[in-house]
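Here is what each chain is made of, one letter per residue.
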Amino acid sequence: MRKSVNRVWRRVMANKLISEMGLPKSIANIFAARNIHTAKDALSLTEFELMELLDVGLAEVTTAVSSISEISCPPYQTALSLLEQRMHNEHLAGHLPTRLKGLDAALCGGIPFGVITELVGPAGIGKTQFCLKLSLLASLPSSHGGLDGHVVYVDTESKFSSRRMIEIGVNSFPEIFQIEGMAQQMAGRILVLQPTTPTEFSECLQKIKDSLLQHHVKLLVIDSMAALVSGDGQGQCRQHPLGWHMTFIKSLAEFSRIPVVVTNQVRSHSGDDPFHYSFQDSRQNLDFPTTFDSHLVAALGIPWAHAVSIRLVLESKSGQRFIKVAKSSMSPPVAFTFAISASGISLLHDDGIEMTGPEINAICGQVLKHFNVASSINDAHNIKYFRDFEVTVVYSIKNWSFRVVCG
Ligand SMILES: Nc1ncnc2c1ncn2[C@@H]1O[C@H](COP(=O)(O)OP(=O)(O)OP(=O)(O)O)[C@@H](O)[C@H]1O
């Protein structure tokens, strides 16, 4: 939009008439007599060509050219005027604080309004835990630092657990949750939608668009976007299977000016086809191994990566969980260690580790090669087995056998 405005502006300025620029009449008339009418006509010639054409001296041509350039130049903005504009629009550019002090500082206040923030990482790393905490924060009364609003939580894996959310609330904000009826009130503000196919997801998004403004919604969570691509065999298409959804979600964020948080899973880097996910091989080879792979990539690929403004990578390395600010126009590339407890996600240190080079974008972690298997099993199993190391379980879902090795 801004690009096209600039283009129109440049065209308008290039076509500005020399006769209307207030140049001395004598020189303006000479330009007109030689059929040089617009700024573009004059500025496409060199000063020597103009001297020859107009039959005037170098000094006159130089003065005329500098006046025409100055007048036809788009108005400039100083850093100060941009800062003033930003402060003026501060109410449109707010943040939802995560209450993870170091991360909020790195993100200049928290999860920004009006853009998409992505949480990407392997199964069981804590993306959903983070989303649950954010949902609580958005629905907390403003007297307690929340946004006092409703939350739309799109749960594509049927993993949403109200019990876990209340547990996080009770442990993180005991003073609020001890108030009678508060837990119910908070839970009542979080609307959970559970589409299971891209088609249902499209319908869901249309409904969300209508209700965002009406229902005082202050946060939209989509957990997970990647899980939807496994169905319908759409991974074979040249076009991204969620292309329409990506554009729609981006425009939802811009139009509603609320924070939009979307989780994305990971796949092994091995596939040649950018839209060929590793889980699609599982039909051929059920005896698949797990991978400890530092070359994991975000499952939704490059088109999606362009749609998000903030990418937070959650990963595990040497038995430690990290959250990295991998993409942000405002923040340095920085990583924080974190843990998950009864009160949800918390940082182990508020001082981030500054990262240099491509490490900030790498995603490490032990994951199932076929990443969506773990996320499609029952939530309770997921949590139990991800805490236990070296456990192998064989699941049978819809005639498919899945061997889940956790660690
Ligand atoms: N009550 C709890 N106390 C401590 N840790 C917990 C608790 N509940 C969940 N966890 C931790 O959270 C992890 C699961 O995190 P989460 O469900 O957010 O993963 P995820 O990244 O969303 O995975 P997926 O991609 O499969 O959806 C568990 O492995 C466990 O370590």
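Residues numbered from 1 in each chain as written. Predicted model: local features only at pLDDT ≥ 70, side-chain atom pairs only at ≥ 80, totals over all residues. Heavy atoms only, no water.

Applicable threshold: UniProt positions are given in the numbering used here, feature names are shortened, and annotations may be inferred rather than shown by experiment.
Going by an unreviewed UniProt entry, the protein chain carries the name DNA repair protein RAD51 homolog 2-like isoform X2 and comes from Coffea arabica. Within the UniProt record for the protein chain, the comment given under Sequence similarities (unreviewed entry) is "Belongs to the RecA family. RAD51 subfamily." Looking at the protein chain in UniProt, the text filed under Subcellular location (unreviewed entry) is "Nucleus".

### Quick notes on the environment of alanine 362
Short version of the rule: Only DSSP runs of H or I reaching four residues or more are called helices, and only runs of E reaching two or more are called strands; each is numbered from the N terminus. Accessibility here uses a 1.4 Å probe with only protein chains present; expressed as a share of the type maximum, an area under 20% marks a residue as buried, one over 50% as exposed, and anything in between as partly exposed.
Position of alanine 362 among the secondary structure elements: in the loop between β15 (353-354) and β16 (366-368). With relative accessibility at 26%, the residue alanine 362 sits in the partly exposed group. C-alpha separation for the pair alanine 362 and valine 297, spaced 65 residues apart in sequence, amounts to 7.5 Å.

### Section: the pairing of strand β7 (residues 260-264)
Going by this rule: Any two strands are treated as partners once DSSP identifies two or more bridges connecting them.
Burial runs high along β7: 5 of the 5 residues are buried. What you see with β7 is no split at all: Val260, Val262 and Asn264 on one side and Val261 and Thr263 on the other are buried throughout. Relative to β7, strand β3 (residues 116-120) runs parallel, the two being bridged by 5 bridges. By the bridge assignment for β7, threonine 117 is matched with valine 261.

### Focus on a nonpolar patch on the surface
Which entries qualify depends on this criterion: Residues form patches when they are more than 30% accessible in relative terms and have no salt bridge. Like charges link within 9 Å. Nonpolar side chains (Val, Leu, Ile, Met, Phe, Trp, Tyr) link within 5 Å. For the area figures, the Shrake-Rupley method with a 1.4 Å probe applies, and any residue is considered shielded solely by the protein chains shown. Counted as salt bridges are all cases of a side-chain nitrogen of Lys or Arg within 4 Å of a carboxyl oxygen of Asp or Glu.
On the surface, Leu80, Leu83 and Met87 cluster together to form a nonpolar patch covering roughly 330 Å² of accessible area. Examined against the element boundaries, leucine 80 turns out to sit in helix α6 (residues 79-88).

### Focus: the nonpolar core
Test applied: What is meant by a nonpolar core is a set of buried Ala, Val, Leu, Ile, Met, Phe, Trp, Tyr and Cys residues, joined one to another through side-chain atoms within 4.5 Å. We call two residues in contact when some of their heavy atoms are within 4.5 Å.
In terms of nonpolar packing, the biggest core is built from 43 residues, with Leu96, Leu103, Phe130, Leu134, Leu219, Leu312 and Ile323 touching the most fellow members. Excluding residues that lie within four positions of it along the chain, isoleucine 323 makes contacts with Leu103, Phe130, Leu312, Val313, Leu314, Val334, Ala335, Phe336, Phe338 and Leu347. In terms of nonpolar packing, the next biggest core, distinct from the first, is built from 29 residues, Ile208, Ala226, Leu228 and Leu252 among them.

### Considering the packing of aromatic side chains
Spelled out, the test is: Planes of paired rings set the category: under 30 degrees apart is stacked, over 60 is edge-to-face and the rest tilted, where pairs are Phe, Tyr or Trp rings (Trp by its six-membered ring) whose centres lie within 6.5 Å.
Applying the stated criterion across every chain yields a total of 2 aromatic pairs. Summarising the aromatic geometry, the rings of tyrosine 153 and phenylalanine 160 are spaced 4.8 Å apart at their centres and angled 65 degrees between planes, so their arrangement reads as edge-to-face. Residues tyrosine 153 and phenylalanine 160 agree in their burial class; the two are buried. With a centroid separation of 4.8 Å and 25 degrees between ring planes, the pair formed by tryptophan 244 and phenylalanine 248 is classed as stacked. Of this pair, tryptophan 244 and phenylalanine 248 both sit in helix α13 (residues 243-256), 4 residues apart, which is roughly one turn of the helix.

### Describing the side chain of glutamate 315
In plain terms, the rule: In protein, a polar contact requires one atom able to donate a hydrogen and another able to accept it; more generally it is a pair of N or O atoms within 3.5 Å, and residues adjacent in sequence count only if both atoms are side-chain atoms.
Along the polypeptide, glutamate 315 turns up in strand β11 (residues 310-317). For glutamate 315, a relative accessible area of 2% gives the class buried. One polar contact links glutamate 315 to lysine 324, side chain to side chain, over a distance of 3.3 Å. Within polar-contact distance, the side chain of glutamate 315 engages the backbone nitrogen of cysteine 364 at 2.7 Å.

### Some words on helix α12 (residues 198-214)
Worth spelling out the cut-off: Here the expected span of a helix is defined as 1.5 Å times the quantity of residues minus one. To obtain the bend at a residue, axes are fitted to the seven residues ending there and to the seven starting there, and the angle between these axes is taken.
In a regular helix each residue adds 1.5 Å, so 17 residues correspond to 24 Å; α12 covers 25 Å between its end C-alpha atoms and thus fits that length. A maximum bend of about 25 degrees is found in α12 at isoleucine 208. Buried residues belonging to α12 abut β4 (150-155), β5 (190-193), β6 (217-223) and α13. Just past α12, the residue histidine 216 takes up positive phi, approximately 55 degrees.

### Details of the packing of helix α8 (residues 127-139) against helix α9 (residues 162-172)
The relative placement of two packed helices comes down to the angle between their axes together with the axis-to-axis distance. Cut-off, in case you're wondering: To get an axis, fit a line to the C-alpha atoms, keeping to the stretch in contact for a helix; angles then go from 0 to 180 degrees between the N-to-C directions. What makes a crossing left-handed is the near helix being turned counterclockwise from the far one by less than a right angle; a clockwise turn instead makes it right-handed. All amino acids are sorted into three groups, where Ala, Val, Leu, Ile, Met, Phe, Trp, Tyr, Cys and Pro are nonpolar, Asp, Glu, Lys and Arg are charged, and the leftover types, Gly among them, are polar.
Interaxial distance between α8 and α9 falls to 10 Å at its minimum, and their mutual angle equals 65 degrees. The handedness of the crossing between α8 and α9 comes out as right-handed. Of α9, the residues touching α8 (which contributes Gln129, Leu132, Lys133 and Leu136) are Arg164, Met165, Ile168, Gly169 and Ser172. Among the residues forming the contact of α8 with α9, the class breakdown is 4 nonpolar, 3 polar and 2 charged.

### A closer look at the confidence of the model for the protein chain
For clarity, the cut-off: Per-residue confidence from the predictor is given as pLDDT, running between 0 and 100.
Per-residue confidence for the protein chain gives a mean pLDDT of 79; residues scoring 70 or more make up 77%. In the predicted structure, residues 231-236 sits below a pLDDT of 50 and forms 6 contacts with residues beyond four places in sequence or in another chain. In the predicted structure, residues 367-407 sits below a pLDDT of 50 and forms 82 contacts with residues beyond four places in sequence or in another chain.

### Overview of the pattern of salt bridges
What the rule picks out here adds up to 6 salt bridges. One salt bridge connects glutamate 118 with arginine 311, and the closest N-O pair in it is separated by 2.5 Å. Of the two residues, glutamate 118 is situated in strand β3 and arginine 311 in strand β11; the sequence distance between them amounts to 193 residues. Here the two residues glutamate 118 and arginine 311 agree in accessibility, since each one is buried. Of the charged contacts, one joins glutamate 359 and lysine 317 as a salt bridge, the two residues approaching to 3.2 Å between their closest N and O atoms. Taken together, the positions of glutamate 359 in the loop between β15 and β16 and lysine 317 in strand β11 put the pair 42 residues apart, joining distant regions of the chain.

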